[in-house]
Amino acid sequence: SFIAKKHDMYYSSVDSLSKYTMSGEQITTYLFFGSVLLNSLISIYTFVYNPRNKNNRLFFYFTLSTVVWLVSLYFSIPSYEGATEEITTTFARFAYGGGIFFSYFLMSFFYYFLFPLQEVTVPFTKYTLRIPTWLRTLFTIEAFTLAIVATFTPLIYQKLVFLPDGGFLDEFGPLFLW
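Keep in mind it's a predicted model, so treat the numbers as computed, not measured.

Which parts of the structure should I look at to understand the overall build of the chain?
Check the secondary structure of the chain and you find 5 helices and 4 strands. Looking at the chain as a whole, 25% of its 178 residues qualify as buried. Within the chain, contacts between residues separated by at least 24 positions form 52% of all contacts whose residues are at least 6 apart in sequence. As presented, the chain carries roughly 12900 Å² of accessible surface, and 70% of it is formed by carbon and sulfur atoms.

And the structure:
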């Protein structure tokens with residue numbers, strides 16, 4: 001009958017297309033590594049364009065920390081083949097440290113980009129605010145210290161444990177505040 005022929009034509013075309021379709025994991029992986037590649041190219045281009053400009057350097061460091069953070073996040077999730085507790089724990093710690101660097105460089109970039117003279121005039125007043133150098137230095141030391149602690153010690157993230165049912169469980173350290 002006509003309907004049976006239409007039905008067979010539809011399913012034969014679906015079967016022939018199925019070899020060209022991607023799973024959700026494949027699409028996510030391609031989008032993920034595409035964004036990593038795009039971030040890398042933009043950061044390198046910006047830095048090479050004018051390396052002496054402080055905004056370009058900070059943007060380069062920000063996008064570089066973004067790339068490190070994204071790659072660490074990808075490999076900290078045990079969904080890829082060959083994932084072990086040790087590898088995923090190492091990448092999860094780098095993801096925590098990378099997230100701290102990401103935040104620090106984002107804050108620094110916006111500070112120097114939005115306020116090139118490093119001072120802010122308070123609206124409707126005559127006051128000018130300026131963040132002192134010692135406070136910026138303190139923020140820098142704090143960010144780098146916290147990133148080193150998060151990356152190289154089990155004080156924030158202890159380990160990832162595989163469960164018998166195929167899942168996993170995160171174990172956090174005493175400095176993890178949540």
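Even after reading the chapter, I still don't get the environment of S40, so can you show me in this structure?
On the secondary structure map, S40 appears in helix α2 (residues 24-49). When the C-alpha atoms of S40 and L64 are compared, they prove to be 6.8 Å apart, with 24 residues separating the residues in sequence. A distance of 2.8 Å separates a polar atom in the side chain of S40 from the backbone oxygen of V36.

Explain helix α5 (residues 133-152) to me, please; I cannot follow it from the model alone.
With 20 residues, α5 extends 28 Å from end C-alpha to end C-alpha; this agrees with the ideal 28 Å at 1.5 Å per step. Here α5 has its buried residues at R136, A143, A147, A150 and T151. Around the axis of α5, the buried residues are gathered within 95° of arc, so they sit on the same side. In α5, those exposed residues whose orientation departs by more than 90 degrees from the buried face are W134, I141 and F152.

Could you clarify how one ought to interpret the nonpolar core in this entry?
Core analysis: the biggest nonpolar cluster contains 12 residues, these being L58, F62, I100, Y104, F105, F109, Y111, Y112, A143, A147, A150 and I156. Of all the secondary-structure elements, those providing two or more residues to this core are α3 (54-76), α4 (85-114) and α5. No other element matches the 6 residues that α4 contributes to this core.

How should I be thinking about the pairing of strand β4 (residues 168-172) in this particular structure?
Both faces of the sheet carry side chains from a regular strand, because those side chains alternate between them. By the bridge criterion, 5 bridges tie strand β3 (residues 157-162) to β4 in an arrangement that is antiparallel. Looking at β4, one finds that K159 is bridged to E171. Here β3 folds back onto β4 in antiparallel fashion, the turn holding 5 residues, of which G166 has a positive phi close to 100°.

I keep staring at the environment of N56 and nothing clicks. Help me out?
Assignment of secondary structure puts N56 in helix α3. Residue N56 is classed as buried on the basis of its relative accessible area of 12%. The spacing of N56 and S43 is 13 residues in sequence and 8.4 Å in space, taken between C-alpha atoms. In contact with N56, not counting residues within four places along its chain, are T46, Y49 and N50. There is a polar contact of 3.1 Å between the side chain of N56 and the backbone oxygen of N50.

Explanation requested: the confidence of the model for the chain in the structure shown.
Mean pLDDT for the chain: 81, with 85% of residues reaching 70 or above. For the chain, helix α1 (residues 2-18) is the element with the lowest average pLDDT, namely 49, and α5 is the one with the highest, namely 90. Confidence drops under pLDDT 50 across residues 4-11; counting only partners more than four residues distant or on other chains, this segment forms 0 contacts.

Reading the values: rules and limits
Counting restarts for each chain: residues are numbered from 1 in the order of the written sequence. With the structure being a predicted model, the display of local features is reserved for residues of pLDDT at least 70 and the display and counting of side-chain atom pairs for 80 or more, all residues being used for whole-chain, interface and lining totals. Remark: hydrogens and water are excluded; side-chain values derive from all non-hydrogen atoms of the structure. To qualify as a helix, a DSSP run of H or I must reach at least 4 residues; to qualify as a strand, a run of E must reach at least 2; elements of each kind are numbered from the N terminus. Under the scheme applied here, a residue whose accessible area is under 20% of the maximum for its type counts as buried, over 50% as exposed, and between as partly exposed, the area being computed with a 1.4 Å probe on protein chains only. Note on definitions: a residue-residue contact is assigned when non-hydrogen atoms from the two residues lie within 4.5 Å. Residue exposure ignores everything except the shown protein chains as possible cover, and the areas themselves are Shrake-Rupley values with a 1.4 Å probe. The term polar contact refers here to a pair of N or O atoms within 3.5 Å; inside protein, the definition further demands a hydrogen-donor-capable atom paired with an acceptor-capable atom, and it admits residues adjacent in sequence only when both atoms are side-chain atoms. Expected helix span is taken as 1.5 Å per residue step, with the number of steps being one fewer than the number of residues. Throughout, the arc means the angular range of directions from the helix axis out to the C-beta atoms. Buried Ala, Val, Leu, Ile, Met, Phe, Trp, Tyr and Cys residues form a nonpolar core when they are joined through side-chain atoms within 4.5 Å. Note on pairing: two strands pair once DSSP finds at least 2 bridges between them. Each residue carries a pLDDT score, the predictor's own confidence in it, on a scale running from 0 to 100.

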